Amino acid sequence: MHRVIRRIGDTSARRPWLTIGLWTLLAVLVIGLAGTAGGTFADDLVAPGSQSERAMELLEERFPQAAGGSAKAVFAAPEGERLDRYRPAIQAALARIADAEDVAAVADPFATGTVSRDGRIGYAEVTFDRPSAGLGPEPVKAITGALEPVRAAGAVAEVGGDAAFVNAETETSGTEVAGLLAALVVLLVVFGTVVAALVPIAIAMVTVATGLSGIALLAHVMDVTSAATSVGMLIGLGVGIDYALFIVARYRQNRTAGQDNRTALSNAMASAGSAVLFAGGAVVVAMSALLLTGLGLLASIGLGAALVVLFAVATALTLLPALLSLLGDRIDAGRVVRRRSPAKRTEDGAWWRLAHRVSGRPWPYLLGATALLLTLAAPALWMQTGYPDAGDDRTSTTHRRAYDLLAEGFGPGHNAPLLLVADLRRPGVTAQTIPDLTERLAADPGIAAVGSPRTSPQGDAVVVPAIPTSAPADAETSRTLERVRDLAPANVAVSGMTAMTDDLTRQLDKTLPIFIAAVLAASFLLLMVLFRAVVVPLKAAVMNLLSIGAAYGVVVAVFQWGWCADLFGLDGTYAIASPLPTIFFAVLFGLSMDYEMFLLSSIRESYDATGDSTESVARGLAGTGRVITSAALIMTVVFLGFVAHPSPLVKMLGLGLSTAILLDATVVRMLLVPATMALLGKANWWLPRWLDRRLPRLTDPATKPFPDTPAPPPVPAAR
């Protein structure tokens, strides 16, 4: 594999302009196709096999008029006034809505009685000719524009409901630029020159541009959630910079050691380039494992992120060597930090001293680091998950303002409507007993109102709407949903956005242990093959669980308990978005493998040369500590940039990822891993002979993975 990567890098370096030209052509093609043939993002919130899925399938088959998406045009008169004063303007707006594309029907609030008791707030139900998930943002924007006559008359007009929330456009906040600037500062400190610092940034920009365009093309062939772009950008910026950092750092080290530019680049590709390939493969495997959940929402995030990582690996292995060959000695141009000699950096540096301190007295570091991670992880035991609703969004959005107006005028349950769908071809409730069902439904303490039943044109399906007393994300709404499903006959299924997201959360809670086990098993096998050991992969799995658990705990403390809420610009407390624990695990486990592979590769190389377990751990930490922590710091500042995003969901994602990466690269990789390996000694590399004979060899033992110093001299005896 090392020879293959070396050959790819050499080919790109020998024909740099051809390589750059091909990448330019590919980028133009992918970005152009994304602009013309890219699909519309849609959230697939269906939990396979759930009641809500069966109900929606029945509606689409027999009652398509009731299967269409819906939104609410919400109106509010100023305090002390009644809405009927603005009736002419509202009716003018309703006429414009009725003419909008994809609108099947719109109801007059004054005719249907959807006006609050005090007469100040009202809403018009807007029905579309397609399900909410497939609408896209344009129909919602059209309705928003159609409400202008009401606003001009002096009343408030907002657009809410499921279709508005699901198809809301993702706002950008410039946090990505802030993250890039912070990463550039770190790179300037690491490399000391402007040109060397700009190269990883350029590679990351190409990765993100092509990767996100690839996600848009993926949306043409399958349902892709808009969250896939946020996750893809986070990962693309992080791994794009990190992978280029690893290779550029190794290339410059080779040059400093006296190798000519061509040889230095070739050797860097064979060593660091191969490590990038394996590290990227680990991330791709972890993200692709989201397919195991069986949920379209997570599958699209996993495939989208895996696609971005593939672009990151491809740019690092082809475009980067082409750029480095063209730059030559100019890679050191624009020096801003004085460069120290390699010997000074390692044998007399802070990492060298820390390495010997940890390996010399491992127990205090092991116990202290473990106690810290367990303390941070403790709040995760009280994690409460739920799917975010419009009430969790920013007050600057129209669907959030509509949500608040509906809750004020009609109660919080108006934002969480349920839909009971009866299949009259099956035994159970009949057309004659539907009134009995509605009476039992109305008697439930969690139901505020039951709407009039609607029968399909063929008379074989009936739809009964119901309004709970509590908000969509309220735990009481989930309990109400359970009671409604218990009292409903066998041929009645409950759907609606609230029921769908509740089913999705339950499905995620069930599949998370299976998903974690699958990722752990895959990573164990990969590390066992790479390092030909059993204990090292087991230790890596435990360490990763500790860092991820700590990230879970921090997110729970901040968002669910409200600790430091003002610091992060939060308006209140939030349930943890149900897809995030699974996404966190996939992303963080994959990214942590980057640092694990680079650190263990250096430790194993030293161990093979010396046979000294304690010294090899110290040399491995001293040799890679600076690069690993620099890479982690870059990824951390990129992720922290998203904490400033106005969306609480994006904040949650950014804080969780940045916390885990920071802990993983410092507490885990720099303290826990060296301490445990120093204690275990030669047992780290134990592998049964029968297994050694059967495992394939993916690497060339003669090739150094990512050493920061020359191979250490042999040591007579292991300590």
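Scanning the protein chain from N- to C-terminus turns up 26 helices and 11 strands. Against the 2.2 N^0.38 benchmark of 27 Å for 719 residues, the protein chain shows a C-alpha radius of gyration of 29 Å, consistent with a compact globule. Along the first, second and third principal axes, the C-alpha set of the protein chain runs to 90 × 50 × 45 Å. Here the protein chain holds 719 residues, and the buried ones make up 57% of them. Put simply, 80% of the contacts in the protein chain that link residues at least 6 apart link residues at least 24 apart. Per element, the accessible surface of the protein chain, about 28,200 Å² overall, is 61% carbon and sulfur.

By the definition in use, this model includes 24 salt bridges. Between Arg120 and Glu408 there is a salt bridge, with its nearest N and O atoms 2.7 Å apart. Within this pair, whereas Arg120 is found in the loop between helix H6 (109–112) and strand S3 (121–128), its partner Glu408 is found in helix H18 (residues 398–410), the two being separated by 288 residues in sequence. According to the relative accessible area criterion, Arg120 is buried, its value standing at 8%. Linking Asp444 and Arg483 is a salt bridge whose minimum nitrogen-to-oxygen distance equals 3.0 Å. Residue Asp444 is located in the loop between helix H19 (434–442) and strand S7 (447–450), and its partner Arg483 is located in helix H20 (residues 475–487); the two are separated by 39 residues in the primary sequence. A network of salt bridges, in which partner residues are shared, links Arg252, Arg255, Asp329 and Asp332.

Here we come to the sheet that holds S3. Strand order in the open sheet made by the four strands is S2-S3-S1-S4, with antiparallel pairing throughout. With one partner strand each, in any of the chains shown, strand S2 (103–106) and strand S4 (156–160) form the two edges of the open sheet. In this sheet, neighbouring strand axes are inclined to one another by 25° on average, regardless of whether the strands run parallel or antiparallel. Across seven bridges, strand S1 (residues 70–76) lies against S3 in antiparallel orientation. Across the sheet, Ser70 pairs through a bridge with Thr127, a residue of S3. Here H18 sits on the sheet in contact with S1, S3 and S4, set at roughly 105° to S4.

Of all six residues in strand S6 (residues 418–423), six are buried, a share of seventy percent or more. Residues Leu418, Leu420 and Ala422 of S6 are buried on one face, and the alternating residues Leu419, Val421 and Asp423, pointing to the opposite face, are buried as well. In the sheet, S6 pairs with strand S9 (residues 461–468) via six bridges, with the strands oriented antiparallel. Bridge pairing in S9 links Leu420 to Val464. Note: S6 against strand S10 (residues 492–495), four bridges, orientation antiparallel. For Val421, the partnering residue across the bridge sits in S10 and is Ala493.

Further remarks concern the environment of Arg357. Following the sequence through the fold, Arg357 ends up in helix H16 (residues 350–360). On the basis of relative accessible area, Arg357 is assigned to the partly exposed category, the value being 44%. In this structure, the C-alpha to C-alpha distance between Arg357 and Ala675, residues 318 residues apart in sequence, is 9.7 Å.

This paragraph deals with the packing of helix H11 (residues 194–221) against helix H12 (residues 227–256). Two numbers describe a pair of packed helices, the interaxial angle and the distance between the axes. In the contact formed by H11 and H12, the axes pass within 8 Å of each other and the chain directions differ by 145°. Of the two possible hands of crossing, H11 and H12 adopt the one that is right-handed. Residue-level contacts link Ala196, Val199, Pro200, Ile201, Ile203, Ala204, Thr207, Val208, Leu212 and Ile215 of H11 to Ala228, Thr229, Gly232, Met233, Gly236, Leu237, Gly240, Ile241, Ala244, Leu245, Val248 and Arg252 of H12. Broken down by class, the residue content of the contact of H11 with H12 amounts to 16 nonpolar, five polar and one charged.

What follows deals with the packing of aromatic side chains. On inspection of all chains with the given rule, the structure shows seven aromatic pairs. Ring centres of Tyr123 and Phe410 lie 5.1 Å apart, and the angle between their planes is 85°; on these two criteria the pair is classed as edge-to-face. Of this pair, Tyr123 sits in strand S3 while Phe410 sits in helix H18, placing them 287 residues apart in sequence.

Next up on the list: the confidence of the model for the protein chain. Residue-level pLDDT values for the protein chain average 86, and 94% of them are 70 or greater. Contacts for the low-pLDDT stretch residues 701–719, under 50 throughout, to residues beyond four places or in other chains number 45 contacts.

A few words now on the packing of helix H2 (residues 16–37) against H11. Interhelical geometry of H2 versus H11 gives an angle of 40° and a closest axis separation of 8 Å. Taken together, the axis directions place H2 and H11 in an arrangement best described as oblique. Crossing angle aside, the handedness with which H2 passes H11 is left-handed. For the pair H2 and H11, contact is made by Trp23, Ala27, Val30, Ile31, Leu33, Ala34 and Ala37 and by Val206, Ala209, Thr210, Ser213, Gly214, Ala216, Leu217 and His220, respectively. When the residues that make up the contact of H2 with H11 are grouped by side-chain class, the tally is 11 nonpolar, four polar and no charged.

Calculation criteria
- Each residue is numbered by its place in its chain's sequence as written, counting from 1.
- Totals for whole chains, interfaces and linings use all residues, but because this is a predicted model, local features are given only for residues with pLDDT of at least 70 and pairs of side-chain atoms are given and counted only at 80 or more.
- Side-chain figures throughout are based on the complete set of non-hydrogen atoms in the structure, without hydrogens or water.
- The way it works is that DSSP assigns letters per residue, a run of H or I at least four long becomes a helix, a run of E at least two long becomes a strand, and they are numbered from the N terminus.
- Atoms counted for the radius of gyration: C-alpha only. Globule rule: 2.2 Å times residue count to the power 0.38.
- Buried residues are those whose accessible area, probed at 1.4 Å on protein chains only, stays under 20% of the maximum for their type, while exposed residues exceed 50% and partly exposed ones sit between those limits.
- We call two residues in contact when some of their heavy atoms are within 4.5 Å.
- Residue exposure ignores everything except the shown protein chains as possible cover, and the areas themselves are Shrake-Rupley values with a 1.4 Å probe.
- Criterion for a salt bridge: a side-chain nitrogen of Lys or Arg within 4 Å of a carboxyl oxygen of Asp or Glu.
- Two strands form a pair only when DSSP identifies at least two bridges running between them.
- Between the N-to-C directions of two axes lies an angle of 0 to 180 degrees, each axis being a line fitted to C-alpha atoms and, for a helix, fitted only over the stretch in contact.
- For any pair of crossing helices, the crossing counts as left-handed if the nearer helix is rotated counterclockwise from the farther one by less than a right angle, and right-handed if it is rotated clockwise.
- Polarity classes work like this: nonpolar for Ala, Val, Leu, Ile, Met, Phe, Trp, Tyr, Cys and Pro, charged for Asp, Glu, Lys and Arg, and polar for all others, with Gly in that last group.
- Centres within 6.5 Å are what make two rings of Phe, Tyr or Trp a pair, Trp counting through its six-membered ring; a difference in plane orientation under 30 degrees is then read as stacked, over 60 as edge-to-face, and the rest as tilted.
- On a scale of 0 to 100, pLDDT captures the predictor's confidence in every residue.
- Orientation labels follow simple angle bins: below 35 degrees gives roughly parallel, above 145 gives roughly antiparallel, 65 to 115 gives roughly perpendicular, and whatever is left gives oblique.

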